[in-house]
Amino acid sequence: MITRCVCIVLLTILIFNVDPTHSTTISLNQNAYSNIVVAISPDVPNTWSETILQNIQLMIRRASSVLYRATKKRAYFKDVRILIPESWSNVQSNISTWETYSEADVRVAPAALVHGDKPYTIQSGGCGQPGEYIHLTPDYLRTLTNANNTSVFGPPEKVFVHEWSHLRYGVFDEFGHQNDKKLPLFYKPPNSEEILPNLCTNKQPIFTTKDVVTQGPCRIDPTTGVYNSDCVYNLLPQFVPDTSLMSDYSVDSVVDFCENDQDLAHAFKAPNKHNAMCGSRSVWAVITRHPDFAMNNNPPSDILSIEPTFQIVRSGGSRFVLVADTSGSMNNYSRILRLYETSRRWIKYDISDGSKLGLVQFSHNAIVTSPIVEINGDASREALIAPLPVNAVGATCIGCGLLKALELLAPGGPGGVILLLTDGEETDKPFISNVLPELVRSSARVVSIAFGRTAEDKIENLADKTNGKSYFIDDNDPSQGLNDAFVGSLTYQPAVSAYQIIVTLLNRQYQNVAGDAINDHFSVDSTVGRNLIFRVDYTQKSHLKSFSLKSPNGTVYTQFAYDDGVKVAMFKLPEAEVGTWYFTLTVSSSIMESLAVQVTSQTRSTTIAPIKTECSVLDGDTFDNAKASPVRILAKVMQDSNAVVQAKVKAHIEMPSGQSQILELLDNGVSADTLADDGIYSRFFVGATSGGRYTVECEVWDDDSAYVNDGTFVRHRQKRSTTSRMTGAFTRRASGGSFKITQSAAVGADIYPPSRITDLFIVEVRTNPDMTATIQFTAPGEDLDSGTAASYEIRYSPVFDDLRETNFDSANSSTLVQQEHVVNGSLQPMVSGSQQIITFVVMMKSEDTRTYYIALRATDASGQAALPSNIVTAQFPLNESASSLSTIAIIGIIVGCLLGLLLIAAIPYLVHRKKYLSYKAADTQSKP
């Protein structure tokens with residue numbers, strides 16, 4: 001019983017997690033949302049800049065009153081920053097301080113093929129978890145006030161509040177979709193024969209067959225008992241009741257979210273995305289559990305003015321302060337030397353012109369070794385390299401270094417990036433905890449680098465609290481991990497156009513190589529090839545004997561350009577041909593600690609964006625208890641705003657023990673993955689059971705199946721449109737930083753149950769020779785979405801509530817499917833991620849019962865059960881043989897009735913005939 005309770009607690013957390021983990025600066029104080037950032041992509045030309053800026057303000061100004069009403073006077077929009085591209089020279093603006101495009105809450109960028117100009121929100125988290133950003137297109141904003149725009153997308157202010165609810169509160173849509181078996185347009189409420197549109201409403205709309213728009217023969221689907229995929233509903237505005245803002249918000253009367261027990265009651269049985277993701281909890285129930293409102297935060301308040309203010313800002317270049325630990329322990333494992341070499345590479349080759357950089361070093365106190373200066377050419381870079389630390393001595397005062405960094409950043413205003421590197425525990429005050437409040441107030445972000453396994457435990461928390469990043473560098477990793485950490489801090493540089501993006505094609509480290517030839521390869525795809533740079537980071541130049549790079553057409557290049565001051569060898573090519581490139585590095589027989597190879601390139605065309613990859617640990621850098629909050633690893637694979645789907649994506653995870661694990665990430669829309677085919681590949685990492693620091697790197701490639709999603713692909717049909725753009729061979733690498741587990745699990749403990757199944761749907765129902773239902777779903781794992789579960793428990797009932805979580809265990813209320821009932825497939829689970837199809841006999845409880853509800857759950861080897869799946873409806877028609885018998889009986893009755901009527905009609909005639917014959921006989925006898 002205890003195991004079962006723990007299971008429910010864990011799975012409730014997975015379904016209903018309200019931890020605000022998305023990196024954002026938004027705050028809600030006294031009912032007012034502040035620090036909202038709307039950023040415009042550098043790829044948006046300034047042709048319509050004035051109209052776009054006016055309409056952004058118009059939309060949010062109107063949305064403020066909509067949000068205030070919908071949250072029952074708990075929230076409105078107060079402070080909005082609009083970050084414009086540097087190329088918009090015709091617009092007056094202030095210099096930005098902390099605002100960045102990569103962390104913006106709303107992004108204006110070119111349209112994605114799947115969505116067109118429709119606004120949408122990137123949601124990679126579960127129920128109650130915030131989204132990443134709202135995507136608006138320049139054409140949507142340009143035509144915002146046009147009547148056609150409103151008729152297609154809805155009132156802009158409600159569109160924005162709808163998307164804001166996705167972004168901030170982690171709620172989902174309460175409507176269905178055409179051609180979607182899991183989230184259909186229509187459904188039948190339990191114990192009802194009425195067909196309803198899949199909406200959350202205060203009352204059912206006036207809805208008849210005349211309101212159905214057909215795109216073909218509109219019929220009842222015998223499998224579900226509702227209209228087939230050729231039908232869509234068309235409800236006239238005057239007949240539409242009040243619906244939820246997460247449902248149909250196109251009419252004026254829609255102003256609220258669905259609740260549990262108010263006038264706008266939640267339709268918890270409707271088969272929509274919100275019910276599937278949030279366990280049928282209402283939207284308002286999820287919103288009120290958000291930290292913005294939980295524990296009576298920001299209670300209803302009558303506010304005279306809910307008018308937002310706007311600031312238009314433009315990037316003035318990023319500001320960085322490198323804060324380096326020079327305490328005595330930095331001499332161990334040559335850490336101070338490795339810091340020096342990596343810092344030189346970073347300053348000389350990676351940080352862009354226009355950025356500003358200052359230097360601080362600390363031991364028992366902190367000193368400024370360089371004020372913040374703008375990087376502009378080689379001379380400024382060399383001037384910053386000169387004071388880099390080469391000696392280490394003394395104690396460790398991390399707080400001292402952080403305060404010095406804030407002093408350097410203060411004259412430029414809020415914001416800035418502090419790149420903190422340390423290898424030891426704090427020994428001298430002020431400690432991190434002493435300076436953290438000031439750091440948070442400053443809006444500075446901290447990118448923390450833990451150097452060695454004894455580094456201060458609190459630095460990951462420091463990155464979490466300041467919306468920064470964390471990296472861990474093992475002492476056995478001489479160069480590549482440290483390079484990745486420094487380059488990772490450049491996320492906060494100003495956004496650049498797609499033409500200027502640098503993508504990493506290969507990033508690989510070769511350790512303990514001596515006297516061998518390293519042979520490897522990488523791919524140059526059609527989206528890149530300009531300014532290809534092949535770079536080798538080495539420890540000793542003399543160890544690297546020769547280099548050979550062979551192009552797809554057979555051309556061989558053998559000449560490196562060496563920069564021994566930073567221990568880098570480079571080969572540059574202005575234009576690289578598409579195809580597979582092979583390289584050979586020959587090293588000396590002496591022991592070489594490591595050799596790191598990085599290949600980068602830019603897009604070859606101003607009209608084609610490169611495929612790029614991002615890698616991250618979704619739920620933060622610190623996990624106090626992996627059992628209560630499983631680690632979820634995520635990789636994005638995109639071409640501009642378009643998803644690259646069916647790529648191969650693997651996460652390489654280095655464990656605290658030094659061992660590595662490889663985890664394949666999936667974009668299938670189940671378990672850890674929120675939405676299928678959106679280019680976001682996810683997976684739970686169930687191997688994070690021991691305390692310590694873990695590092696993550698994602699590798700992406702094409703195996704002849706990857707393509708750019710144009711919206712025509714339907715996964716369950718496994719069919720791709722002929723217009724889909726195949727990517728061709730490509731490779732990408734991206735660092736995901738590090739995370740820390742503070743509480744390890746007991747040795748041998750079975751921590752995780754299987755994942756909840758959320759994509760169950762009915763494939764087919766049959767009545768001859770037996771009543772059978774065929775179901776399909778994605779198999780969960782033994783531990784969440786990894787491995788193979790031990791068993792399935794499939795149940796069905798004519799009563800919907802019998803299959804809900806609280807009643808699922810009751811043996812008396814539903815029927816359990818046994819193996820002898822299975823006529824196709826098996827109750828034996830398949831490996832996680834497999835598509836499983838099972839056909840089983842449904843034992844009718846009554847001849848009058850034709851509608852049954854079906855759900856299932858998986859159980860692991862320890863007996864831990866997942867929460868029940870989404871509930872689906874099987875509609876059984878009359879049995880074919882019974883139907884034939886019924887037809888014969890009806891014909892018999894009709895014939896009998898006709899004969900009866902004929903007999904009745906013939907009675908007068910027969911009576912009259914009898915009398916006539918009697919009269920005739922008497923008359924004959926009277927004749928002589």
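Residues numbered from 1 in each chain as written. Predicted model: local features only at pLDDT ≥ 70, side-chain atom pairs only at ≥ 80, totals over all residues. Heavy atoms only, no water.

1. Structural notes on the overall build of the protein chain
Reasoning step 1: Helix and strand counts for the protein chain come out as 14 helices and 48 strands.
Reasoning step 2: Out of the 928 residues in the protein chain, the part that is buried amounts to 55%.
Reasoning step 3: When contacts within the protein chain are restricted to residue pairs at least 6 apart in sequence, those whose partners lie at least 24 apart make up 74%.
Reasoning step 4: Summed over all atoms, the accessible surface of the protein chain reaches about 38800 Å², with 52% contributed by carbon and sulfur. (Helix = DSSP H or I, 4+ residues; strand = E, 2+ residues; numbered from the N terminus. Buried < 20%, exposed > 50% of the residue type's maximum accessible area, 1.4 Å probe, protein only. Contact = heavy atoms within 4.5 Å. Areas by Shrake-Rupley, 256 points an atom, 1.4 Å probe, with all protein chains shown as cover.)

2. Focus on the packing of aromatic side chains
Reasoning step 1: Tallied over the entire structure, the rule returns 31 aromatic pairs.
Reasoning step 2: Plain terms: the ring middles of Trp-346 and Phe-486 are 5.4 Å apart, the flat faces sit at 70 degrees to each other, and that makes the pair edge-to-face. Residue Trp-346 is located in helix α8 (residues 335-350), and its partner Phe-486 is located in helix α13 (residues 480-488); the two are separated by 140 residues in the primary sequence. Both residues of the pair, Trp-346 and Phe-486, count as buried.
Reasoning step 3: For the pair Tyr-796 and Phe-840, a centre-to-centre distance of 6.1 Å together with 25 degrees between the ring planes defines the contact as stacked. (Phe/Tyr/Trp six-rings, centres within 6.5 Å; stacked < 30°, edge-to-face > 60°.)

3. A word on α13
Reasoning step 1: Counting buried positions over the nine residues of α13 gives eight, a clear majority of the element.
Reasoning step 2: Considered for burial, the residues of α13 that qualify are Gln-480, Gly-481, Leu-482, Asn-483, Asp-484, Ala-485, Phe-486 and Gly-488.

4. Digging into the sheet that holds strand β2 (residues 32-34)
Strands in a sheet are paired, the pairing made by backbone hydrogen bonds, and the direction either parallel or antiparallel.
Reasoning step 1: Strand order across the open sheet formed by three strands is β1-β2-β4, with mixed pairing between neighbours. Looking along the sheet, the strands with just one partner apiece sit at the ends: β1 (27-29) and β4 (76-77).
Reasoning step 2: Sheet topology note: the β2/β4 ladder contains two bridges and is parallel. Bridge assignment links Tyr-33 to a residue of β4, and that residue is Phe-77. (Pairing = 2+ DSSP bridges.)

5. With respect to the pairing of strand β17 (residues 366-374)
Reasoning step 1: Examined bridge by bridge, strand β16 (residues 356-362) and β17 share six bridges and lie antiparallel to one another. Across the sheet, the residue bridging to Val-360 is Val-368, located in β17.
Reasoning step 2: Between β16 and β17, which pair antiparallel and follow one another directly, the connecting turn spans three residues.

6. Quick notes on the pattern of salt bridges
Reasoning step 1: Taken as a whole, this structure holds 36 salt bridges when the rule is applied.
Reasoning step 2: Here Asp-353 and Arg-381 are joined by a salt bridge, their closest N and O atoms 2.8 Å apart. One end of the pair, Asp-353, is in the loop between α8 and β16; the other, Arg-381, is in helix α9 (residues 378-385), with 28 residues separating them in the sequence.
Reasoning step 3: Across the pair Asp-809 and Arg-857 runs a salt bridge, and its minimum N-O distance is 2.3 Å. Here Asp-809 is found in the loop between β43 (791-797) and β44 (815-816), whereas its partner Arg-857 is found in strand β47 (residues 851-859), with 48 residues between them in sequence.
Reasoning step 4: Look at Asp-809 and you get partly exposed, because its relative accessible area is 44%.
Reasoning step 5: In this structure, a network of salt bridges that share partners links the residues Arg-508, Asp-520, Glu-697, Glu-699 and Arg-733. (Salt bridge = Lys/Arg side-chain N within 4 Å of Asp/Glu carboxyl O.)

7. With respect to the nonpolar core
Reasoning step 1: With 53 residues, the main nonpolar core has Tyr-33, Ile-40 and Trp-164 as its most contacted residues.
Reasoning step 2: At nine residues, the largest contribution of residues to this core is made by helix α2 (residues 49-70).
Reasoning step 3: Ranked by size, the runner-up nonpolar core spans 33 residues in total, among them Ile-611, Ala-651, Leu-665 and Val-696. (Core = buried A, V, L, I, M, F, W, Y, C linked by side-chain atoms within 4.5 Å.)

8. Thoughts on the confidence of the model for the protein chain
Reasoning step 1: With 85% of its residues at a pLDDT of 70 or more, the protein chain shows a mean pLDDT of 85.
Reasoning step 2: Note on residues 1-21: pLDDT is under 50 here. Beyond four places in sequence and across chains, it has 53 contacts.
Reasoning step 3: The low-confidence segment residues 909-928 (pLDDT under 50) makes zero contacts with residues lying over four places distant or belonging to another chain. (pLDDT = per-residue confidence, 0-100.)

9. Here we look at the side chain of Gln-123
Reasoning step 1: Among the secondary structure elements, Gln-123 is positioned in the loop between β8 (120-122) and β9 (133-136).
Reasoning step 2: Residue class for Gln-123 comes out buried when judged on its relative accessible area of 11%.
Reasoning step 3: Reaching out from Gln-123, the side chain makes a polar contact with the backbone oxygen of Val-171 at a distance of 3.1 Å.
Reasoning step 4: Each residue touching Gln-123, except ones within four places of it in the same chain, is listed here: Gly-131, His-166, Gly-170, Val-171, Phe-172 and Thr-674. (Polar contact = N/O pair within 3.5 Å; in protein donor to acceptor, adjacent residues only side chain to side chain.)

10. Considerations on α9
Reasoning step 1: By the burial criterion, the buried members of α9 are Ser-380, Arg-381, Leu-384 and Ile-385. Considered in projection along α9, the buried side chains sweep an arc of 140 degrees and stay on one side of the axis. Exposed and oriented more than 90 degrees from the buried face of α9 are Asp-378, Ala-379 and Ala-383.
Reasoning step 2: Against the buried residues of α9 lie α8, β16 and β17. (Arc of directions from axis to C-beta.)

11. Observations concerning the pairing of strand β30 (residues 611-617)
The side chains of a regular strand alternate between the sheet's two faces.
Reasoning step 1: Taking every second residue as pointing to the same face, the buried face of β30 carries Ile-611, Thr-613, Cys-615 and Val-617, while none of Lys-612, Glu-614 and Ser-616 on the other face is buried.
Reasoning step 2: In this sheet, strand β32 (residues 631-639) lies alongside β30 in antiparallel orientation, the contact comprising seven bridges. Looking at the pairing, Lys-612 lines up with Met-638 of β32.

12. As for the state of the cysteines
Reasoning step 1: Summed over all chains, the structure comprises three disulfides.
Reasoning step 2: Each disulfide pairs two cysteine sulfurs, and for Cys-397 the partner residue is Cys-400, the sulfurs being separated by 2.1 Å. On the S-S bond that ties Cys-397 to Cys-400, the torsion sits near 70 degrees, and the link is right-handed.
Reasoning step 3: Of the residues examined, Cys-397 reaches a relative accessible area of 0% and is grouped as buried.
Reasoning step 4: Residue classification places Cys-400 among the buried residues on the basis of a relative accessible area of 15%.
Reasoning step 5: Disulfide partner of Cys-615: Cys-698, at an S-S distance of 2.1 Å. Negative torsions about the S-S bond denote left-handed disulfides, and the value of about 55 degrees found for Cys-615 with Cys-698 makes this one right-handed. A residue pair is termed long-range when its members are at least 10 positions apart, and Cys-615 in strand β30 and Cys-698 in strand β37 (residues 692-701) qualify at 83 residues. (Disulfide = S-S within 2.5 Å.)

13. Concerning the packing of α2 against helix α5 (residues 156-169)
Reasoning step 1: Running from amino to carboxyl end, α2 crosses α5 at an angle of 70 degrees, the nearest separation of the two axes being 8 Å. With respect to each other, α2 and α5 are oriented roughly perpendicular. Here the hand of the crossing between α2 and α5 comes out right-handed. Side by side, α2 and α5 meet where Met-59, Ile-60, Arg-62, Ala-63, Val-66 and Leu-67 of the first sit next to Pro-156, Glu-157, Lys-158, Phe-160, Val-161, Trp-164 and Tyr-169 of the second. (Axes fitted to C-alpha atoms, helices over the stretch in contact; angles between N-to-C directions. Parallel < 35°, antiparallel > 145°, perpendicular 65-115°, else oblique. Left-handed = near helix turned anticlockwise from the far one by under 90°.)

14. Here's the deal with the environment of Ser-343
Reasoning step 1: Mapping Ser-343 onto the fold places it in helix α8.
Reasoning step 2: Judged by relative accessible area, Ser-343 falls into the buried class, the value being 1%.
Reasoning step 3: Residues Ser-343 and Pro-389, spaced 46 residues apart in sequence, show a C-alpha to C-alpha distance of 9.7 Å.
Reasoning step 4: Apart from residues no more than four positions distant in its own chain, Ser-343 is found in contact with Leu-322, Leu-388 and Phe-486.

15. Re unusual backbone geometry
Reasoning step 1: A cis amide bond links Lys-429 to the next residue, Pro-430, at an omega of 0 degrees.
Reasoning step 2: Of note in this structure, Asn-179 is not a glycine but carries a positive phi near 65 degrees.
Reasoning step 3: Its location among the elements puts Asn-179 in the loop between α5 and β10 (186-187).

16. Looking at the sheet that holds strand β5 (residues 79-84)
Reasoning step 1: Overall, mixed pairing links the seven strands, which are arranged β6-β14-β5-β3-β7-β9-β8 in an open sheet. Pairing within the sheet leaves two strands with one partner each, and these edge strands are β6 (94-95) and β8.
Reasoning step 2: Looking at chain direction, β5 and strand β14 (residues 309-314) are connected through six bridges and run parallel. Paired with Arg-81 across the two strands is Gln-311, which belongs to β14.
Reasoning step 3: Packing against the sheet, α5 makes contact with β3 (36-40), β7 (106-108), β8 and β9, and its axis sits at approximately 145 degrees to β9.

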